[in-house]
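Structural overview for review
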Amino acid sequence: MTELTDLDEASLAEHAAEWRRRALRGEKQARGIAHALEAEMRRRSGDTVTQNIDLDTRPQALRLAPRPWWKFW
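Residues numbered from 1 in each chain as written. Predicted model: local features only at pLDDT ≥ 70, side-chain atom pairs only at ≥ 80, totals over all residues. Heavy atoms only, no water.

1. Remarks on the pattern of salt bridges
Scanning the model with the defined rule gives six salt bridges in all. In this structure, the salt-bridge partner of Glu18 is Arg21, at a minimum N-O distance of 3.4 Å. With Glu18 and Arg21 both in helix H1 (residues 9–24) and three residues apart, this pair spans about one turn of that helix. Take Glu18: its relative accessible area is 31%, and that puts it in the partly exposed class. Classification of Arg21 by relative accessible area gives partly exposed; the value is 37%. With a closest N to O distance of 2.9 Å, Glu38 and Arg20 form a salt bridge. In this pair, Glu38 is assigned in helix H2 (residues 30–45) and Arg20 in helix H1, connecting sequence segments 18 residues apart. The residues Glu38 and Arg20 share a single accessibility class, namely buried. (Salt bridge = Lys/Arg side-chain N within 4 Å of Asp/Glu carboxyl O. Helix = DSSP H or I, 4+ residues; strand = E, 2+ residues; numbered from the N terminus. Buried < 20%, exposed > 50% of the residue type's maximum accessible area, 1.4 Å probe, protein only.)

Structure follows, in structure tokens:
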């Protein structure tokens, strides 16, 4: 793998998304690599929260807006 500092922002985001998908599919080593790539993205942008939906690892139920309790359908 290339050095993190050698990657531009677009390719860094692409690699991070790919490694996160691999980690979510169950590859054991992919989680650490995805984390390192995401940490580099946050370091470069200065944001504490990444806006990319592909990198959101919360369960699907937590990502969706809650439905009002009075709607039964």
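That was the structure; now back to the text.
2. Things to note about the confidence of the model for the protein chain
Taken as a whole, the protein chain shows an average pLDDT of 79; of its residues, 78% reach a score of 70 or greater. Within the protein chain, helix H3 (residues 60–63) has the poorest average pLDDT of any element, 74, and H1 the best, 89. (pLDDT = per-residue confidence, 0-100.)

3. Re the nonpolar core
Counting residues in hydrophobic clusters, the biggest one holds nine residues: Leu7, Leu12, Ala16, Trp19, Ala23, Ala30, Ala34, Leu37 and Met41. Elements that contribute at least two residues to this core include exactly H1 and H2. (Core = buried A, V, L, I, M, F, W, Y, C linked by side-chain atoms within 4.5 Å.)

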